[in-house]
Amino acid sequence: MFNKSKSPAPTPQSRADSGSSIPPLPDLPAPGQPAASAPRSAGPAPVSQRGLSTLSSDLQFEGAITGGGDLQIDGAIKGDVRVGRLIVGETGAVEGNVSADYVEVRGRIVGGISGKQVKLIATAYVDGDITAEQMSIDIGAYFQGRVLQGRREAPAPTPAPRPAAPAAEPAPQIIDMKSGG
């Protein structure tokens, strides 16, 4: 008669035993918290299930960084960065091109930025071109460069068959611009 179909909610103790002893950043949702409860427009994009990797402020790195995860840079990087989601902290610096779906800059980037969503917070310093679908620049942020609005293009629809051209029209010419050697 009183059957419970829902499983009991996990207690904070059981979450701590799962191996995650480091609490999430204050502005990010907790790993067990649904992303819908976090305000979408006020805060950063949701964190992936893998968590956030951090390059701390006392570290310097030379070389390219690539991956699909999330990265927060509080140290210095000389090289290109290509990740899923990137936050450059106030003490962070990147000399190279940056590419991520979501880029939030609080520190310094000297190089190009490419992403779906790019945010320059008031403490940001950016010297380079930015290509983004969505862009926001807070008052006080320094930016030197160009902004190009890039949109993902929808697949082109298949053209409907056209009636044959009249015989009087010349056929279109195809010109190959590649040099033959």
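Residues numbered from 1 in each chain as written. Predicted model: local features only at pLDDT ≥ 70, side-chain atom pairs only at ≥ 80, totals over all residues. Heavy atoms only, no water.

1. Some words on the overall build of the chain
When helices and strands are counted, the chain shows one helix and 16 strands. For the chain, with 181 residues in total, the buried portion stands at 28%. Taking the intrachain contacts of the chain between residues at least 6 apart in sequence as the baseline, contacts between residues at least 24 apart amount to 7%. About 13,200 Å² of surface is accessible on the chain, with carbon and sulfur atoms providing 54% of the total. (Helix = DSSP H or I, 4+ residues; strand = E, 2+ residues; numbered from the N terminus. Buried < 20%, exposed > 50% of the residue type's maximum accessible area, 1.4 Å probe, protein only. Contact = heavy atoms within 4.5 Å. Areas by Shrake-Rupley, 256 points an atom, 1.4 Å probe, with all protein chains shown as cover.)

2. Side note on the sheet that holds strand S2 (residues 60-62)
If you trace the six strands from one edge of the open sheet to the other, you get S2-S5-S8-S11-S13-S15, paired in parallel fashion. Strand pairing shows two members of the sheet lacking a second neighbour, S2 and strand S15 (142-144), which therefore form its edges. Direction aside, the axes of adjacent strands within the sheet are offset by 5 degrees on average. Taken together, the three bridges between S2 and strand S5 (residues 76-78) define a ladder with parallel strand orientation. Bridge pairing in S5 places Glu62 opposite Lys78. (Pairing = 2+ DSSP bridges. Axes fitted to C-alpha atoms, helices over the stretch in contact; angles between N-to-C directions.)

3. Observations regarding the confidence of the model for the chain
On average, the chain scores 76 in pLDDT, and the residues at 70 or more come to 55%. In this model, residues 10-20 is a region of pLDDT below 50 whose contacts with residues beyond four sequence positions or in other chains number three contacts. Long-range and interchain partners of residues 35-42, a stretch whose pLDDT sits below 50, account for five contacts in this model, where long-range means more than four residues apart. (pLDDT = per-residue confidence, 0-100.)

4. Some thoughts on the environment of Ile137
Note that Ile137 resides in strand S14 (residues 130-137). Accessibility expressed as a relative area gives 42% for Ile137, which makes it partly exposed.

5. Considerations on the pattern of salt bridges
Per the stated rule, a full pass over the model turns up two salt bridges. With its nearest N and O atoms 2.8 Å apart, the salt bridge here joins Glu104 to Arg106. A salt bridge links Asp129 to Arg146, with the shortest nitrogen-to-oxygen separation between them at 3.0 Å. Highlighted residues: Asp129 in the loop between strand S13 (125-127) and S14 and Arg146 in the loop between S15 and strand S16 (147-149), separated in sequence by 17 residues. (Salt bridge = Lys/Arg side-chain N within 4 Å of Asp/Glu carboxyl O.)

6. Brief notes about the nonpolar core
One finds Val81, Leu86 and Ile113 to be the most contacted residues of the largest nonpolar core, which totals 23 residues. Elements with a contribution of two residues or more to this core: strand S4 (70-73), strand S7 (85-88), strand S10 (102-105), strand S12 (113-120) and S14. With three residues, S12 is the single largest residue contributor to this core. Ignoring any residue separated from it by four or fewer positions in sequence, one finds Val81 in contact with Ile65, Leu71, Ile73, Leu86, Val94, Asn97, Val98 and Ser99. (Core = buried A, V, L, I, M, F, W, Y, C linked by side-chain atoms within 4.5 Å.)

7. Some remarks on the environment of Gly51
Within the fold, Gly51 resides in the loop between helix H1 (12-16) and strand S1 (52-55). Gly51 sits in the partly exposed class, given a relative accessible area of 25%. Along the chain, Gly51 and Gly69 lie 18 residues apart, while their C-alpha atoms are 7.7 Å from each other.

8. A short note on the pairing of S4
Here S4 shows no split at all, with Asp70 and Gln72 on one side and Leu71 and Ile73 on the other all buried. Alignment of S1 against S4, held across four bridges, turns out to be parallel. Looking at S4, one finds that Leu52 is bridged to Asp70. Across four bridges, S4 lies against S7 in parallel orientation. Bridge assignment links Leu71 to a residue of S7, and that residue is Leu86.

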